[in-house]
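Next come the chains, spelled out residue by residue.
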Amino acid sequence: MHPDQRVVEEAIAWMVTLQSGHASTEDHAACLRWQAQHPQHKLAWERLRDLSQPMQQVAPAPAIKHLAMQTLADNARTEQKVQALMQRRQALKLLLLVSGSAGLLGLGYKQLPWQPMLAQYTTRVGQNKRVMLADGTELLLNTATALDSDFDASTRRLRFYHGEVLLTTGHESPAQQANTAHRPFIVETAQGSLRALGTRFLVRQREQGIGLAVFEGAVEVNNGAQRQIVQAGQQLEFSRASIGAVQSLNPDASAWVDGLLIARAMPLGQFLQELNRYRRGHISCDPALAQLTISGVFPLQQPERVLQAVQETLPVRVVQYWHYWVRVLPPAAQA
Amino acid sequence: MKPQPALSLSLIGQLYQEHHRWLVKWLYQRLGCPHDAADLAQDTFTRVLSARERLYLTEAKALLTLIAKGLLIDHYRRAVLQQQFMQALASLPPAEIPSLEAQALALEALLAVDNMLASLPDAVRQTFLLSQLQGLSYQQIAQQLGVSLSSVQQYMTRAYAACYAAAYPAEPL
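About the criteria used
- Residues numbered from 1 in each chain as written.
- Chains lettered and ligands numbered in written order.
- Predicted model: local features only at pLDDT ≥ 70, side-chain atom pairs only at ≥ 80, totals over all residues.
- Heavy atoms only, no water.
- Helix = DSSP H or I, 4+ residues; strand = E, 2+ residues; numbered from the N terminus.
- Buried < 20%, exposed > 50% of the residue type's maximum accessible area, 1.4 Å probe, protein only.
- Contact = heavy atoms within 4.5 Å.
- Areas by Shrake-Rupley, 256 points an atom, 1.4 Å probe, with all protein chains shown as cover.
- pLDDT = per-residue confidence, 0-100.
- Axes fitted to C-alpha atoms, helices over the stretch in contact; angles between N-to-C directions.
- Left-handed = near helix turned anticlockwise from the far one by under 90°.
- Nonpolar A, V, L, I, M, F, W, Y, C, P; charged D, E, K, R; others polar.
- Pairing = 2+ DSSP bridges.
- Core = buried A, V, L, I, M, F, W, Y, C linked by side-chain atoms within 4.5 Å.
- 1 Å grid on protein atoms, 1.4 Å probe; cavity = no way out; pocket = protein on both sides within 12 Å on 5 of 7 lines; lining within 4 Å.
- Points joined across faces, edges and corners; volume = space filled by probe spheres on them.
- Domains from an automatic or database assignment.
- Salt bridge = Lys/Arg side-chain N within 4 Å of Asp/Glu carboxyl O.
- Buried area = accessible area lost by both parts, 1.4 Å probe.
- Polar contact = N/O pair within 3.5 Å; in protein donor to acceptor, adjacent residues only side chain to side chain.

Let's shift gears to the overall build of chain B. If you tally the helices and strands in chain B, you get 7 helices and 0 strands. Ordered by position from N to C terminus, the α and β elements of chain B give α-α-α-α-α-α-α. When burial is assessed residue by residue, chain B has 46% of its 173 residues classed as buried. Taking as baseline every contact in chain B between residues at least 6 positions apart, the subset at least 24 positions apart corresponds to 59%. A total accessible area of about 9,000 Å² is found for chain B, and carbon and sulfur atoms account for 55% of it.

Looking now at the confidence of the model for chain A. Residue and element names in this part refer to chain A. Model confidence for chain A is summarised by a mean pLDDT of 80, while 82% of its residues fall at 70 or above. Of all helices and strands in chain A, the one with the weakest mean pLDDT is helix H6 (residues 91-102) (38), whereas strand E11 (residues 234-238) scores best (95). Under a pLDDT of 50 for its full length, residues 90-115 has, in the predicted model, 40 contacts with residues more than four places off or in other chains.

All names here are of chain A. With a phi angle near 45°, alanine 144 is a residue other than glycine that sits in the positive phi range. Structurally, alanine 144 is set in the loop between strand E3 (138-141) and strand E4 (146-151). Judged by relative accessible area, alanine 144 falls into the partly exposed class, the value being 25%. For alanine 265, which is not glycine, the phi dihedral falls at a positive 45°. In this fold, alanine 265 is placed in strand E13 (residues 260-267).

Residues and elements named next belong to chain B. Put simply, helix H1 (residues 9-31) and helix H2 (residues 34-50) touch, their axes get as near as 8 Å, and they point 145° apart. The crossing of H1 and H2 is right-handed. In this structure, H1 uses Leu9, Ile12, Leu15, Tyr16, His20, Leu23, Val24, Leu27, Tyr28 and Leu31 to contact H2, whose residues at the interface are Pro34, Asp36, Ala37, Leu40, Ala41, Gln42, Thr44, Phe45, Val48 and Leu49. Here the contact of H1 with H2 is built from residues that sort into 16 nonpolar, 3 polar and 1 charged.

Residues and elements named next belong to chain A. One can find methionine 132 in strand E2 (residues 129-132). Sequence separation of methionine 132 and threonine 168 is 36 residues, and the distance between their C-alpha atoms is 9.8 Å. Non-local contacts of methionine 132, meaning those with residues more than four positions away in its chain, are made with Thr137 and Glu138.

Residues and elements named next belong to chain A. Most of strand E9 (residues 210-222) is tucked away, with 10 of its 13 residues classed as buried. Summarising the sheet, strand E8 (residues 192-205) and E9 pair through 11 bridges and their orientation is antiparallel. Note that in E9 the partner of alanine 196 across the bridge is valine 219. Linking E8 to E9, which pair antiparallel, is a turn of 4 residues. Bridge count for E9 against E11 is 5 bridges, and the pairing is antiparallel.

In globular proteins that are soluble, nonpolar side chains generally tend to be buried together. Core analysis: the largest hydrophobic core is formed by 60 residues, its most contacted members being Leu48 and Leu51 of chain A together with Tyr160 of chain B. Among residues more than four places away in sequence, those in contact with tyrosine 160 of chain B are Ile12, Met15, Val16, Gln19, Leu48 and Ser52 of chain A together with Phe128 and Gln132 of chain B. Grouped together as the second largest cluster of nonpolar side chains are 27 residues, Ala213, Leu275, Val306 and Leu307 of chain A included.

Residue and element names in this part refer to chain A. By the definition in use, this model includes 1 cavity of 30 Å³ or more. Of the volumes computed, that of the largest cavity is approximately 40 Å³. The wall of the largest cavity is formed by Gly126, Gln127, Asn128, Asn142, Thr143, Trp256, Gly259, Tyr278, Leu300 and Gln301. Grouping the amino acids of the lining of the largest cavity by side-chain chemistry returns 3 nonpolar, 7 polar and no charged. Composition of the lining of the largest cavity by domain shows at least three residues from each of domain 3 (116-254) and domain 4 (259-329).

We now examine the pattern of salt bridges. Side chains that carry opposite charge are capable of pairing whenever their charged atoms lie near each other. Residue and element names in this part refer to chain A. The tally for this structure, following the rule as stated, stands at 20 salt bridges over all chains. The partner of glutamate 274 in a salt bridge is arginine 277, and the shortest N-O contact between them spans 3.4 Å. Arginine 277 carries the same exposure label as glutamate 274, and that label is buried. Through salt bridges with shared partners, one network takes in Asp150, Arg157, Arg159 and Glu188.

What follows deals with the interface of chain A and chain B. Taken together, the contact pairs 60 residues of chain A with 66 residues of chain B. Buried area between chain A and chain B, both sides added, is near 6,300 Å², and the carbon and sulfur share of it is 68%. Joining chain A to chain B, the criterion identifies 2 salt bridges. With a closest N to O distance of 2.8 Å, aspartate 39 of chain B and arginine 124 of chain A form a salt bridge. Linking chain A with chain B are 11 residue pairs in polar contact (both at pLDDT 80 or more), by the criterion used here. Listing elements by their share of the side of chain A that touches chain B, those giving two or more residues are helix H1 (5-18), helix H3 (39-58), helix H4 (62-72), helix H5 (75-88), H6 and strand E16 (317-322) of chain A. Tallying contributions element by element places H4 of chain A first for the side of chain A that touches chain B, with 10 residues.

So, in structure tokens, the structure goes:
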């Protein structure tokens, strides 16, 4: 049941008054009285309030505020550039512009922003892909992944930019070995390099570093300061700053290969973060709900249906504002 | 009286068979990327399907180009915003650069916000961003943009109405 147009207009008038920066406590009280007058008033108000909340979540840090204003504020400039692209059909020029500015980025890593865009092996959000390399190595790319291969006579080298990849290294044929001797297999990442010792392993970009999980054989991690060998059945996370403790392997970590997300008493917050990797947009979770746990096997190809299932299983309300923005909220809206 | 659907499913099937390859090629010439071209062609037919009740087939290619152009503009707009985002990132002091994941989240969020504000004139848009992202009071916004306080209130009203309409499109009768 949608509120009447007139009610929506009244709710907007209240919102405009209260957001002015000059609203009195009497204004706030009057708005509360107005909301209490009719369920439609309350509904319209809550919808508006929920709409403006994500806007403010975008900009908690001053740096992000700056980015937001720089990106969005000058619409005339944006439209001019879009029109130029439409007319001149020069999508490539845009890529060059992006790369032109990239040299300035203080990312603290030699990876430059255009590299992932132009990488040899990439997947888009929600896609996955299987790649066979010349030496028989198999790569399974999960959602939103980019990497390059760079093989030469002495080394088989991969550059991992972002996302997640499951590697099964190939055994070179005797003929190849005779030609090239044994070539080490190296995966370079922003946080350090991995040397594969005949093996099957998973590399995943994490917020603070790189996650490594070894299913067969062993992998040596080198973050520039320390080395550590990770054996089959083990996993850890590392960054330039440190190599984390070895943990036992989570067997569900590679379920995405079969198109599944497996949760065993997984906190809802973590579950939604995982799911979010497979759809465009942003899922936010009310902090009060983040510790609810969820278990089950979910199909990754249909994230929207998984969200539906979450709503049916847990005491939560899934609100989709527009395609990109989903919020998971407590069932009954609180005043 | 219910009007006849202008495009039947079988007609759309025919449209697809006859023009899909042509459309992919048309998009490829503009995008220079086969994957993007294939994606946008698919999106174009999805739009045709979802809007078939409101579409009348006069000239198949003209219809497909019209829809595909709209999608191309969206596509370029995302690319331009992403470029502006990267340039803004470059101007931050290194210590303040957010993590890659935070960058990705912020960019997606900004694209969504942009989508919501798409149809608004610049003054309205800026007012709304200054209020909601910068947290400025209406007085401060009025000073910064050199407009009256009552204009700021009008702009805010208009922006909220647009956001509400984007999030809750009027229900079909």
